[in-house]
Amino acid sequence: RLKELWRDMEQRCFDKYLNEVNDDQQGTHVYQLLKHETSQCKALMKHDNRRETMQECTSKLVALSKRCNSIADPRGRPSAGPATR
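Residues numbered from 1 in each chain as written. Predicted model: local features only at pLDDT ≥ 70, side-chain atom pairs only at ≥ 80, totals over all residues. Heavy atoms only, no water.

### So, the packing of aromatic side chains
Moving on, step 1. In total, this model carries three aromatic pairs according to the counting rule given.
Moving on, step 2. Ring centres of Phe14 and Tyr17 lie 6.4 Å apart, and the angle between their planes is 35°; this geometry places the pair in the tilted category. Residue Phe14 and its partner Tyr17 are located together in helix α1 (residues 2-20), separated by three residues, close to a single helical turn.
Moving on, step 3. In this structure Phe14 comes out as partly exposed when scored by relative accessible area, which is 27%.
Moving on, step 4. On the basis of relative accessibility, which here comes to 21%, the residue Tyr17 falls in the partly exposed class.
Moving on, step 5. On the basis of an interplanar angle of 25° and a centroid distance of 5.3 Å, the ring pair of Tyr17 and Tyr31 is categorised as stacked. (Phe/Tyr/Trp six-rings, centres within 6.5 Å; stacked < 30°, edge-to-face > 60°. Helix = DSSP H or I, 4+ residues; strand = E, 2+ residues; numbered from the N terminus. Buried < 20%, exposed > 50% of the residue type's maximum accessible area, 1.4 Å probe, protein only.)

So, to be careful, I would describe these as geometric facts and stop short of saying anything about function.
Set out below in structure tokens:
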């Protein structure tokens, strides 16, 4: 169930990344950070699936997901939320 939740957060951020990609943007997009952290958490889950470890991973991923969803569209368009798709 956690992997599914993580995958959903990553997919929503990826969709936003694709819709708002900007060639002029400097640095790493938060999607890339989220994808990396998701991979790290999945690898960690194979060896350490204690509740507190999974909570820590989920907290990191939720924070990155919120950060991703709060990014304004650089073209000035409102972000497309789930209700407007």
